[in-house]
Amino acid sequence: MSILNVLMTPERAVVAVDTLAQDAVTGEMSEGAKLLLIPQHNIVVAARGSGQFFLRVYQLCLEASFRKAFSIEQIMGEVGPVMDQMWPNYVQAIRDANMDLGQLQSEIVVVGWSKAQSRIVGAAYAKSVVEQPTRVAPLIGGIAAPGQPLRDVPDSFHPHAILAAGRRQAEYVNAEEGRHVAGGRLIAAFLERGEATVRDLGDI
């Protein structure tokens, strides 16, 4: 698993991810998009885990964003059930490809500006097995994944601090996994009312 961090206040948020990606069939390393925007609604959808599963969830979120009555609250309520609906087909595809199911998991966040509440809101979703529904949790202040290496690190919106945290996390998770699962560069989306900025913070 790679890096997925969110820090938020009612007025602003930052979502940060690494870019390291690996082809599940060939094992070839590359860079992947783990953070994507729904710009007309000032929303970020980001993930760690399966890239293909994330892209399908993002596609459905993007399609929903064209609705006339779309709201971030609406989409936050739909992502969990959508993940549950999609998961059995995803598991079957992994089996058909004779790939390892042991590492099969997905963590997704939706963060953005709520017009109804006039503040930043967000939710986190985690799925790993068919038998259990997607775990859904509102984001209060944010989330750090993995969180262990940041327990003694103060929260900061400063880009240098965000990058330093990502580097600590990459070192930790790579050591835990015994292989290179996090790395590349750290990409961060900074959100405020009426504004979304994506920045490449540097190599990790």
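A brief structural summary. (Residues numbered from 1 in each chain as written. Predicted model: local features only at pLDDT ≥ 70, side-chain atom pairs only at ≥ 80, totals over all residues. Heavy atoms only, no water.)

Points about the packing of aromatic side chains
Thought 1: Per the counting criterion, the structure on display carries three aromatic pairs.
Thought 2: When the centroid spacing of 5.3 Å and the interplanar angle of 40 degrees are considered together, the rings of F53 and Y90 count as tilted. One end of the pair, F53, is in helix 1 (residues 51–64); the other, Y90, is in helix 2 (residues 72–96), and 37 residues separate them in sequence. Note on accessibility: F53 and Y90 belong to one class, buried.
Thought 3: The structure contains a cluster of three or more aromatic residues connected by ring pairs, namely F53, W87 and Y90.
Thought 4: Lying across the ring of F157, R12 places its NZ or CZ 3.9 Å from the centre. (Phe/Tyr/Trp six-rings, centres within 6.5 Å; stacked < 30°, edge-to-face > 60°. Helix = DSSP H or I, 4+ residues; strand = E, 2+ residues; numbered from the N terminus. Buried < 20%, exposed > 50% of the residue type's maximum accessible area, 1.4 Å probe, protein only. Lys NZ or Arg CZ within 6 Å of the ring centre and 35° of its normal.)

Things to note about the pattern of salt bridges
Thought 1: Per the stated rule, a full pass over the model turns up seven salt bridges.
Thought 2: We note a salt bridge from R185 to D200, for which the minimum N-O separation is 2.3 Å. Taken together, the residues span a long stretch of sequence, with R185 in strand 11 (residues 185–192) and D200 in strand 12 (residues 195–203) at a distance of 15 residues.
Thought 3: Look at R185 and you get partly exposed, because its relative accessible area is 25%.
Thought 4: Residue classification places D200 among the partly exposed positions, given a relative accessible area of 42%.
Thought 5: By sharing partners, the salt bridges in this structure join E31, R185 and D200 into a single network. (Salt bridge = Lys/Arg side-chain N within 4 Å of Asp/Glu carboxyl O.)

Re the environment of A182
Thought 1: If you trace the backbone, A182 turns up in the loop between helix 3 (159–177) and strand 11.
Thought 2: Judged by its relative accessible area of 1%, A182 is buried.
Thought 3: Along the chain, A182 and A170 lie 12 residues apart, while their C-alpha atoms are 5.2 Å from each other.
Thought 4: Filtering out sequence-adjacent residues up to four positions away, A182 remains in contact with M1, S2, I3, D18, L20, A170, V173 and N174. (Contact = heavy atoms within 4.5 Å.)

Section: the pairing of strand 6 (residues 43–49)
Thought 1: Burial analysis of strand 6 places six of its seven residues in the buried class, the great majority of the element.
Thought 2: With four bridges joining them, strand 5 (residues 35–38) and strand 6 adopt antiparallel strand pairing. Bridging across to strand 6, L37 finds its partner in V44.
Thought 3: The antiparallel hairpin formed by strand 5 and strand 6 contains four residues in its connecting segment, where N42 sits at a positive phi of about 60 degrees.
Thought 4: Of the strand pairs in this sheet, strand 6 and strand 7 (residues 106–114) are connected by seven bridges, and their pairing is antiparallel. Residue pairing for strand 7: G49 is matched across the bridge by S106. (Pairing = 2+ DSSP bridges.)

Observations concerning helix 1
Working note: α-helix, 3.6 residues per turn, so residues spaced by three or four point in the same direction.
Thought 1: With 14 residues, helix 1 extends 20 Å from end C-alpha to end C-alpha; this agrees with the ideal 20 Å at 1.5 Å per step.
Thought 2: When helix 1 is considered as a whole, its buried residues turn out to be F53, F54, V57, Y58, C61 and A64. In a view along the axis of helix 1, the buried residues occupy a sector of 135 degrees, so they form one face of it.
Thought 3: Lining the buried residues of helix 1 we find strand 5, strand 6, helix 2 and strand 7.
Thought 4: Taking the backbone nitrogen of Q52 as reference, a side-chain oxygen 3.5 Å away marks S50 as the first, capping residue of helix 1. (Expected span 1.5 Å × (residues − 1). Arc of directions from axis to C-beta. Polar contact = N/O pair within 3.5 Å; in protein donor to acceptor, adjacent residues only side chain to side chain.)

Concerning the nonpolar core
Thought 1: Ranked by size, the top nonpolar core spans 27 residues in total, and within it V45, F53, V57, I75, M76, V79 and V110 carry the most contacts.
Thought 2: Of all the elements in the fold, those that place two or more residues in this core are strand 6, helix 1, helix 2, strand 7 and strand 8 (119–127). (Core = buried A, V, L, I, M, F, W, Y, C linked by side-chain atoms within 4.5 Å.)

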